[in-house]
Amino acid sequence: MTPSRLSTAAIICLQLLTSLTSAFVPSSQISGAQQLTTTISKTHFTHSTSKNPLFSSASSDNDTPDFSNVGFLILAGGTGSRMKANMPKQFLTLRSSPVLHYSLDLFLEKLPAHCAEMSVSPPAMVVLVMDPKYQPEYQPIVDKYEGKLAFANPGKERQGSVENGLKKLVETTGNGDGSGGCDFVAVHDSARPLVTIPEICHVVSDAKEYGAAVLGVPCKATIKESEDGTLVARTIPRSRLWEVHTPQVVKVEALLRGFEKVERESLEVTDDVSIIEALGEPVKLTRGEYTNLKITTPEDMDVADAILAERGVDEIQLV
């Protein structure tokens, strides 16, 4: 039996054991290992892809777009209050490296190497949006990737951080006269260390076709709506719900227009593609992976660690 099949078989067996245990034992008494097994099994298997072209992934895993006009923003300015840690979650150690380093390594090393193998251009620039008090610690990495990595300061909210990062991206890649530079920006949360190269290629390809695209997966949970947090108002049809991830990829020109509209009309937006939705322009749903989870709670670190172990990820060396 191959390692991948053995892993799948082990997960299935453990999932069945967990199901039988939960049928006779109160959930409060189920061990953390059993709960972790259940979580991993949920991320290991995915729904079949919808036939609707707006919901499907790119047609081929080998379809790598040209990244020469694409810049990446890594948002690393959050405080991570729900982690109950003494530092922001992006700096916590996941296996052997800080959570943030997995995104840096992906965009600065692994993705460019993949592009070289596929004979296409790598990303034009990576902008790291980070609190100034942490920037000195990361200056050696910026120096190593001079011309490929730059700092930007965070804003008060996500939108402000994206605006600041976008300004830096335009500043560092443009010709100073409004020409050249990046046509597309891919915004990624540093708290998502598990995104894969195929996911990135798919969402960038879709953005180039539709103008904007976001990674996402069909929602598994049943969602209830409540007006007061006590009583259920209604059940929202799950077949229409998607959980969105990052990167979210948007035309730079459209995002700049969207920022103006949001400010002018005092609109409330929760993510980057919401700004494009406010313009009335299409956003492509690119089918991603359930493993592209966001580190939010301490339990998420355990799940991410297990996924990285299964992938056999090596130690990251950025400097």
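Look up: the structure comes first, before these words.
Residues numbered from 1 in each chain as written. Predicted model: local features only at pLDDT ≥ 70, side-chain atom pairs only at ≥ 80, totals over all residues. Heavy atoms only, no water.

## Brief notes about the overall build of the protein chain
- Within the protein chain, the regular secondary structure consists of 9 helices and 11 strands.
- Here the protein chain holds 319 residues, and 44% of them are scored as buried.
- Within the protein chain, contacts between residues at least 6 apart in sequence are counted, and of these 72% link residues at least 24 apart.
- Approximately 16,600 Å² of the protein chain is accessible, and the part contributed by carbon and sulfur atoms is 51%. (Helix = DSSP H or I, 4+ residues; strand = E, 2+ residues; numbered from the N terminus. Buried < 20%, exposed > 50% of the residue type's maximum accessible area, 1.4 Å probe, protein only. Contact = heavy atoms within 4.5 Å. Areas by Shrake-Rupley, 256 points an atom, 1.4 Å probe, with all protein chains shown as cover.)

## Quick notes on helix α6 (residues 197-210)
- If you check α6, its first and last C-alpha atoms are 20 Å apart, about what 14 residues at 1.5 Å a residue would give, namely 20 Å.
- Among the 14 residues that make up α6, 10 are buried, leaving the element largely enclosed by the rest of the structure.
- What α6 keeps buried is the set Ile197, Glu199, Ile200, Cys201, His202, Val203, Val204, Ser205, Asp206 and Ala207.
- Close packing links the buried residues of α6 with β1 (70-76), α3 (99-117), β6 (184-189), β7 (212-218), β10 (242-251) and β11 (284-287).
- Among the residues trailing α6, glycine 211 stands out with phi positive, at a value near 100°. (Expected span 1.5 Å × (residues − 1).)

## Quick notes on the pattern of salt bridges
- By the definition in use, this model includes 11 salt bridges.
- For arginine 158, the salt bridge identified is with aspartate 189, shortest N-O distance 2.8 Å. Taken as a pair, arginine 158 in helix α5 (residues 158-173) and aspartate 189 in strand β6 lie far apart in primary sequence, 31 residues in all.
- The partly exposed category is assigned to arginine 158, whose relative accessible area is 25%. (Salt bridge = Lys/Arg side-chain N within 4 Å of Asp/Glu carboxyl O.)

## Considering the packing of α5 against helix α7 (residues 252-265)
- Packing of α5 against α7 brings their axes to within 12 Å, and their N-to-C directions diverge by 140°. Comparing the axis directions of α5 and α7 gives the class oblique. Two packed elements cross with a definite hand, and for α5 against α7 that hand is left-handed. On α7, the residues that touch Gln159, Val162, Glu163, Leu166 and Val170 of α5 are Val252, Leu255, Leu256, Phe259 and Val262. (Axes fitted to C-alpha atoms, helices over the stretch in contact; angles between N-to-C directions. Parallel < 35°, antiparallel > 145°, perpendicular 65-115°, else oblique. Left-handed = near helix turned anticlockwise from the far one by under 90°.)

## Digging into the environment of glycine 165
- When you line up the elements, glycine 165 lands in helix α5.
- Classification of glycine 165 as buried rests on a relative accessible area of 0%.
- A sequence separation of 12 residues divides glycine 165 from asparagine 153, and the C-alpha atoms of the two residues are 7.4 Å apart.
- With residues up to four places along the chain from it excluded, the contact list for glycine 165 reads Leu73, Val127, Val129 and Ala152.

## Looking at the sheet that holds β11
- If you trace the 7 strands from one edge of the open sheet to the other, you get β5-β4-β1-β6-β10-β7-β11, paired in mixed fashion. Edge positions in the open sheet fall to β5 (149-152) and β11, since each of these has one partner strand only. When the angles between neighbouring strand axes are averaged without regard to direction, this sheet yields 30°.
- For β7 and β11, the ladder comprises 4 bridges, and the chain directions are parallel. Among the inter-strand pairings, glycine 216 is bridged to a residue of β11, identified as arginine 287.
- Those strands touched by helix α4 (residues 135-144) are β4 (125-130) and β5, and its axis lies near 160° from that of β5. (Pairing = 2+ DSSP bridges.)

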